[in-house]
Amino acid sequence: CFEENLPEGAEPLAFAAFGYGLALWRDGSGTLRAVADRCPHRLAKLSEGRVRNGALECLYHGWAFEGGSGKCVSIPQLEEGAAIPSRACVAPYAVTVREGIVFVWLTPGETDLASLPPPPASEDDLDADKSFSVYSFQIDVPYEASFLVENLLDPAHIPVSHDRTPGGGKRENAQPLEMEVYDGSVDRTGFRGRYRNTRASSGGATRAPPGWIDVRFAAPGVIYQRNAGGPIRFGAALHCMPLGASRSRLLFRTYFKGLPRAARLLLALKPLWLRHLNSCKILEQDAGLIASQEDALAASAHGASTGSQYLPLRSADVFVVAHRKWLDLVGASGAGGMPWAVGWDAPAADALHAASPLAARATLAPSLAPAHRAIAEDRYS
């Protein structure tokens with residue numbers, strides 16, 4: 001989530017990763033804490049509780065838990081003189097903030113940040129450079145996170161899918177793109193590349209093509225884009241979170257500086273709710289198409305891979321293929337694995353129907369996705 005979603009005094013926040021529910025809150029010192037979202041008493045959701053004296057208190061019977069260790073510090077119904085049971089604890093998780101994004105490491109009990117790898121960040125370092133104007137937007141979408149990443153790594157669809165949509169493109173500007181993934185850049189941490197149009201985006205004029213856009217995919221699901229130079233600097237940090245099977249969350253953030261004064265004034269006059277509405281419209285325009293892709297792959301023949309069913313173009317789909325091959329590299333299980341993710345050469349349907357190893361630890365709330373994938377008629381409900 002965005003750090004701004006958890007200001008001082010905020011209620012606990014429920015979220016999920018790979019089907020595993022967690023509760024996030026600020027303790028008495030303002031430090032962010034994360035624990036498994038179920039009370040060891042009778043498995044109620046801790047995120048439905050409240051913060052008292054810095055501890056997270058279950059709203060069912062008042063059991064309270066300290067965030068750093070996950071230990072229970074209070075049980076109102078405990079007999080006088082009785083010790084708190086050693087099993088009365090919840091798994092704590094390491095939490096940190098980078099560029100306004102809250103990161104949680106999904107290794108229970110490992111809360112020492114110094115021993116953990118740092119979270120990904122943009123090359124513009126928004127923590128250090130406060131001169132950028134930043135726009136942030138969050139939305140949940142009804143498909144598996146690798147399809148969200150694929151969509152956001154696909155600039156070729158924008159003029160077609162988002163024709164005449166504010167923040168989108170124009171159908172007449174659909175064109176072949178010059179795209180490349182840098183040799184040797186693909187490893188378990190992600191990959192790098194760049195792209196640009198092959199002609200100017202106005203009436204088919206054959207002027208020199210515009211500048212390059214640098215692209216970096218950072219494991220496990222962050223896409224960074226930025227222009228390669230010029231007086232106007234802009235970039236994007238697109239965080240794709242796998243909430244559960246066929247359910248993911250996008251933390252969308254764009255930033256810029258160097259715009260002419262008139263352009264800055266126009267942006268300042270546009271209400272934030274209208275910018276959010278435009279962002280929602282763009283994601284909704286893609287939703288049905290992406291869900292149909294996922295359903296088709298989930299229903300594909302046993303053993304059939306994505307690569308055997310897609311027909312990619314070198315002038316449109318280079319990053320899409322690179323991402324799917326990256327998923328083959330990291331696999332679906334083990335350290336750094338991506339449950340449910342559909343690779344390029346691995347059987348697609350098997351991946352989508354598999355259960356997350358994390359999901360076995362807890363059941364999600366009804367408002368989130370089930371632990372096991374099911375193609376249902378009410379997938380948008």
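Our structure is the block above this text.
This text gives an overview of the structure that appears in the document. This structure is a prediction, so every number in the text was calculated from the model and none was measured. (Residues numbered from 1 in each chain as written. Predicted model: local features only at pLDDT ≥ 70, side-chain atom pairs only at ≥ 80, totals over all residues. Heavy atoms only, no water.)

Next up on the list: the environment of Thr254. By the secondary structure assignment, Thr254 is in strand β17 (residues 247-257). C-alpha separation for the pair Thr254 and Ser133, spaced 121 residues apart in sequence, amounts to 8.3 Å. Every residue in contact with Thr254, bar those within four places of it in the chain, is listed here: Ser133, Val134, Tyr135, Gly235 and Ala236. (Helix = DSSP H or I, 4+ residues; strand = E, 2+ residues; numbered from the N terminus. Contact = heavy atoms within 4.5 Å.)

Using the criterion set out here, one finds one cavity of 30 Å³ or more in the structure. Taken as a whole, the largest cavity holds about 70 Å³ of empty space. Forming the boundary of the largest cavity are 13 residues, of which Ala145, Ser146, Val149, Pro220 and Met338 lie nearest the centre. Contributing elements (two or more residues each) for the lining of the largest cavity: α1 (145-152) and α5 (318-330). Looking at the lining of the largest cavity, its residues break down into nine nonpolar, three polar and one charged. (1 Å grid on protein atoms, 1.4 Å probe; cavity = no way out; pocket = protein on both sides within 12 Å on 5 of 7 lines; lining within 4 Å. Points joined across faces, edges and corners; volume = space filled by probe spheres on them. Nonpolar A, V, L, I, M, F, W, Y, C, P; charged D, E, K, R; others polar.)

What follows deals with the nonpolar core. Core analysis: the largest hydrophobic core is formed by 49 residues, its most contacted members being Tyr143, Phe147, Leu148, Leu250, Leu283 and Phe319. Here the element with the most residues in this core is α5; it accounts for eight residues. Residues Cys1, Leu6, Ala36 and Leu251 belong to the second largest nonpolar core, which totals 21 residues. (Core = buried A, V, L, I, M, F, W, Y, C linked by side-chain atoms within 4.5 Å. Buried < 20%, exposed > 50% of the residue type's maximum accessible area, 1.4 Å probe, protein only.)

Here four strands make up an open sheet; going across it, the order is β4-β5-β6-β7 and the pairing antiparallel. Only two strands of the sheet have a single partner each, and these edge strands are β4 (50-52) and β7 (72-74). As paired strands, β4 and strand β5 (residues 55-57) are joined by three bridges and run antiparallel to one another. Each bridged residue has a counterpart across the sheet, and for Arg50 the counterpart in β5 is Glu57. (Pairing = 2+ DSSP bridges.)

Moving on to the sheet that holds strand β3 (residues 32-36). On the basis of which strands lie adjacent, the open sheet formed by four strands has the order β1-β2-β3-β8 and antiparallel pairing. With one partner strand each, in any of the chains shown, β1 (13-17) and β8 (92-93) form the two edges of the open sheet. Pairing between β3 and β8: two bridges, direction antiparallel. The partner of Val35 across the bridge, within β8, is Pro92.

A word on the pairing of β1. With five bridges joining them, β1 and strand β2 (residues 20-26) adopt antiparallel strand pairing. Of the residues in β2, the one forming a bridge with Ala17 is Tyr20. Linking two consecutive strands that pair antiparallel, namely β1 and β2, is a turn of two residues; a positive phi of about 55° is found at Phe18 within it.

On the surface, Leu265, Leu266 and Leu269 cluster together to form a nonpolar patch covering roughly 350 Å² of accessible area. Position of Leu265 relative to the elements: it lies in helix α3 (residues 261-269). Given a relative accessible area of 52%, Leu265 falls into the exposed group. (Patch = residues over 30% accessible without salt bridge, like charges linked within 9 Å, V, L, I, M, F, W, Y side chains within 5 Å. Areas by Shrake-Rupley, 256 points an atom, 1.4 Å probe, with all protein chains shown as cover. Salt bridge = Lys/Arg side-chain N within 4 Å of Asp/Glu carboxyl O.)

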